[in-house]
Amino acid sequence: MACYKTSFSVAKISFSFNADKPTHINWFNNGYGKYFCRIEKPDIRVQIVPSLNNVPGDFVSVSKELGLYHHKKGLGSYAAFHKEFLPLGDITRFLASRVIIEKDGLLLHACGIKRGKDTFLFCGPSGAGKTTVAKLAIKPWEVLSDETVAVRKLSDNFQAFSTPFFGDFGKVTKNTGAPLKAIFFLNKARSFGLRQLDLISAVKKLAQGIFLIGNNWQNSMEDALRIAESLARKVPAYELDFLPEVSLWKYLEKKISLGE
Amino acid sequence: MEIFRKKDIPWRIIDGKALLVNPKTSLLYPLNETGARIWELLDGKIETNSIAAVIMDEFDVNKDEARRDVQEFVNSLTEAGLAQKL
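Quick caveat, the model's predicted, so the values are computed rather than measured.

### Thoughts on the overall build of chain A
1) Next: Scanning chain A for helices and strands turns up six helices and 14 strands.
2) Next: Taken over 260 residues, chain A has a buried fraction of 54%.
3) Next: Total accessible area on chain A stands at roughly 12300 Å², and carbon and sulfur atoms take up 48% of it.

See below:
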């Protein structure tokens, strides 16, 4: 049987996808082209299995060849983590959300912005202003994603990375990351304001933004809380009252010491 | 009365306080130091009156206050689906 392959890397975690039809692999290559990498030994290998007849459209089932997620049922393998079959985009998001926790990181519902050698997170639920912040970004501020950012502890420091997952702002053109300097939780307001959060408030707010997808997500939640605590101890977290104006960047430059 | 924390509740003690997650509702519950200590003790092996004795010993409260606070707190936990009676 023919075997089609592709591999990509998000937050320095490599995924390889194998399928017996080119359609699925083309989908990855079109959607995640900037994240493509050539790698001999990926961190995660995923075998895409065509959907059973009763599943409509582009849906496929997936099994991880090695390790935790593999689960067989009936005729084929399917995602152990979900009762439903998942579209490809959700599979990658799911895998990234779970695997990153094993790699001392989190997939966060946040807008990520890079400035020189530093990155910043702007967090909040839908409607809080993440895409607004991304749209306000002007040089030297550069968008990692307006919706989903990967954060990992590497060499005892947290770094934030772009992801192929995005909201209304659209696709980001670079696969990049840098040390995380500050975390902001967004409040739309009539004037700018900044208040540093205490540890437990910061962990709570981070926990509200952790992507953990699938039925048994709570199994990974305690590890996610441990990582969120470690993140909140390393990186200052603030509540940010903001106006949708480019003066946001001047305000932050004034309030936070920024390395050039 | 013996109460125990539900097994499927992810939780973490952070600087003596605690953060609990209800997996059914995805709601997060931060607990203060007293709440976190009670939560730790809710293993189903200790009765609420004995938990009150520990709280009286470790925090600055009298016996009646401790008993009332522990009872009210475990009732809230049970109502929130985080703990249950044996």
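### Notes on the interface of chain A and chain B
1) Next: With 14 residues of chain A at the interface, the matching set in chain B holds 17 residues.
2) Next: Inspection of the chain A/chain B interface yields two salt bridges.
3) Next: For Glu229(A), the salt bridge is made with Arg12(B), and the minimal N-O distance between the two is 2.5 Å.
4) Next: Along the contact surface separating chain A from chain B lie three residue pairs in polar contact (both at pLDDT 80 or more).
5) Next: Those elements giving two or more residues to the side of chain A that touches chain B turn out to be α4 (199–208) and α5 (218–234) of chain A.

### Concerning the packing of α4(A) against α5(A)
Residues and elements named next belong to chain A.
1) Next: Running from N to C, α4 and α5 point in directions that differ by 130°, and their axes come no closer than 9 Å. One finds that α4 runs oblique with respect to α5. By crossing handedness, the relation of α4 to α5 is classed as right-handed. Two secondary-structure elements touch here, α4 through Leu199, Ala202, Val203, Leu206 and Ala207 and α5 through Met221, Leu225, Ala228, Glu229, Leu231, Ala232 and Arg233.
2) Next: Of the residues that constitute the contact of α4 with α5, the class distribution is 10 nonpolar, no polar and two charged.

### Side note on the sheet that holds strand β6 (residues 83–85) of chain B
Residue and element names in this part refer to chain B.
1) Next: Spatially, three strands are ordered β5-β1-β6 in an open sheet, and the strand pairing comes out antiparallel. Across the chains shown, the open sheet's two edge strands, defined by having one partner strand only, are β5 (43–47) and β6. Going across the sheet, the axis of each strand differs from the next one's by a mean of 30°, ignoring polarity.
2) Next: Summarising the sheet, strand β1 (residues 2–5) and β6 pair through three bridges and their orientation is antiparallel. Looking across to β6, one finds that Phe4 is bridged to Gln84.
3) Next: On top of the sheet, helix α2 (residues 48–58) reaches β1 and β5; it is set at about 80° to β5, its chief contact.

### Observations concerning helix α6 (residues 247–255) of chain A
Residues and elements named next belong to chain A.
1) Next: Where α6 is concerned, the buried positions are Leu248, Trp249, Tyr251 and Leu252. Seen along its axis, α6 keeps its buried residues to an arc of 160°; they face one direction. Turned more than 90 degrees off the buried face of α6, the exposed positions are Lys250 and Lys254.

### Details of a negative patch on the surface
Residue and element names in this part refer to chain B.
1) Next: On the surface, a cluster of negative charge is contributed by Asp60, Asp64, Glu65, Asp69 and Glu72.
2) Next: Inspection of the secondary structure puts Glu65 in helix α3 (residues 63–79).
3) Next: Glu65 gets classed as partly exposed once you look at its relative accessible area, which sits at 31%.

### Comments concerning the packing of aromatic side chains
All names here are of chain A.
1) Next: For the structure on display, the rule yields 15 aromatic pairs over all chains.
2) Next: A ring pair is formed by Phe8 and Phe17, whose centres lie 5.5 Å apart and whose planes are at 5°; its orientation type is stacked. Taken as a pair, Phe8 and Phe17 share a single burial class, namely buried.
3) Next: An aromatic cluster of three or more residues is present, and its members are Phe8, Phe15, Phe17, Phe28, Tyr32 and Phe165.
4) Next: Above the plane of the ring of Phe211 lies Arg93, whose end atom (NZ or CZ) is 5.4 Å from the centre.

### Some thoughts on the sheet that holds strand β2 (residues 11–14) of chain B
1) Next: Strands sit in the order β2-β3-β4 (chain B) across an open sheet of three strands; the sheet is antiparallel. Each edge of the sheet is formed by a strand with only one pairing partner; in this case those strands are β2 and β4 (28–31) of chain B. Going from strand to strand, the sheet's axes swing by 15° on average, the running direction of each strand aside.
2) Next: Where β2(B) meets strand β3 (residues 17–21) of chain B, four bridges bridge the pair, whose relative direction is antiparallel. Residue pairing in the sheet places Ile14(B) in a bridge with Lys17(B) of β3(B).
3) Next: Across the face of the sheet, α4(A) comes into contact with β2, β3 and β4 of chain B while running at roughly 15° to β3(B).

### Thoughts on the pattern of salt bridges
1) Next: Overall, the coordinates contain 16 salt bridges over all chains when judged by the stated rule.
2) Next: Where Lys205(A) meets Glu239(A), a salt bridge forms, and the shortest distance between an N and an O atom there is 3.8 Å. With Lys205(A) in helix α4 and Glu239(A) in strand β14 (residues 237–242), the pair connects residues that are 34 residues apart, well separated along the chain.
3) Next: The partner of Arg37(B) in a salt bridge is Glu40(B), and the shortest N-O contact between them spans 3.4 Å. Taken as a pair, Arg37(B) and Glu40(B) lie in helix α1 (residues 33–41) at a separation of three residues, close to a single helical turn.

### Points about the domain arrangement of chain A
Residue and element names in this part refer to chain A.
1) Next: Segmentation of chain A into domains returns domain 1 (4–102) and domain 2 (105–255).
2) Next: Domain 1 puts 22 residues into the contact, and the matching count from domain 2 is 31 residues.
3) Next: Here domain 1 and domain 2 share an interface that buries about 2200 Å² over both sides, 60% of which is from carbon and sulfur atoms.
4) Next: The largest share of the area that domain 1 buries against domain 2 comes from Tyr35, Arg93 and Ile101, three residues that together contribute 32% of it.
5) Next: For the pair domain 1 and domain 2, the number of links is one salt bridge.
6) Next: Viewed at the interface, domain 2 and domain 1 are joined by eight residue pairs in polar contact (both at pLDDT 80 or more).
7) Next: When residues of the side of domain 1 that touches domain 2 are traced back to their parent elements, those giving at least two are β1 (4–10), α1 (22–31) and α2 (88–102).
8) Next: Sort the elements by how many residues they give to the side of domain 1 that touches domain 2 and α2 lands first, with nine residues.
9) Next: For the side of domain 1 that touches domain 2, the residue count by class is 10 nonpolar, seven polar and five charged.

What counts, and at which threshold
Every residue gets a number counted from 1 within its own chain, in the order that chain's sequence is written. Both sets of labels track the order of writing: A upward for chains, 1 upward for ligands. In keeping with the model being predicted, local features are shown solely for residues with a pLDDT of at least 70 and side-chain atom pairs are shown and tallied solely at 80 or more, while totals for entire chains, interfaces and linings include all residues. Excluding hydrogens and water, the side-chain values take into account all heavy atoms of the structure. Runs of H or I in DSSP of at least four residues are treated as helices and runs of E of at least two as strands, each being numbered from the N terminus. Between buried and exposed lies partly exposed: a residue is buried under 20% and exposed over 50% of the maximum accessible area for its type, with that area taken using a 1.4 Å probe on protein chains only. The accessible surface values rely on the Shrake-Rupley method and a 1.4 Å probe; as for residues, cover is taken only from the protein chains in view. By definition in these notes, contact holds between two residues if any of their heavy atoms fall within 4.5 Å. When a carboxyl oxygen of Asp or Glu is within 4 Å of a side-chain nitrogen of Lys or Arg, the pair counts as a salt bridge. Residues adjacent in sequence count toward polar contacts only when both atoms are side-chain atoms; beyond that, a polar contact is any pair of N or O atoms within 3.5 Å, and within protein one must be able to donate a hydrogen and the other to accept it. Axis angles are defined between N-to-C directions and span 0 to 180 degrees, where every axis is a line fitted to C-alpha atoms and, for a helix, only to the segment in contact. Angular relationships are summarised with four words: roughly parallel below 35 degrees, roughly antiparallel beyond 145, roughly perpendicular across 65 to 115, and oblique for the angles in between. Helix crossings are classified by the rotation of the near helix relative to the far one: an anticlockwise turn of less than a right angle makes the crossing left-handed, while a clockwise turn makes it right-handed. All amino acids are sorted into three groups, where Ala, Val, Leu, Ile, Met, Phe, Trp, Tyr, Cys and Pro are nonpolar, Asp, Glu, Lys and Arg are charged, and the leftover types, Gly among them, are polar. Two strands qualify as a pair provided that DSSP identifies no fewer than 2 bridges between them. What the arc covers is the set of directions going from the helix axis to the C-beta atoms. A patch consists of residues whose relative accessible area exceeds 30% and which take part in no salt bridge; residues with like charges are grouped when within 9 Å of each other, and nonpolar side chains (Val, Leu, Ile, Met, Phe, Trp, Tyr) when within 5 Å. Think of it this way: Lys and Arg go in the positive column, Asp and Glu in the negative one, and His and the chain ends go nowhere. All charge positions are set by atom: Lys at NZ, Arg at CZ, Asp at CG, Glu at CD. Centres within 6.5 Å are what make two rings of Phe, Tyr or Trp a pair, Trp counting through its six-membered ring; a difference in plane orientation under 30 degrees is then read as stacked, over 60 as edge-to-face, and the rest as tilted. For a Lys NZ or an Arg CZ to count as sitting over a ring, it must be within 6 Å of the ring centre and within 35 degrees of the ring normal. What fixes the domain bounds is an automatic or database domain assignment. Buried area is understood as the total, over both parts, of accessible area removed when two parts are fitted together, assessed with a 1.4 Å probe.

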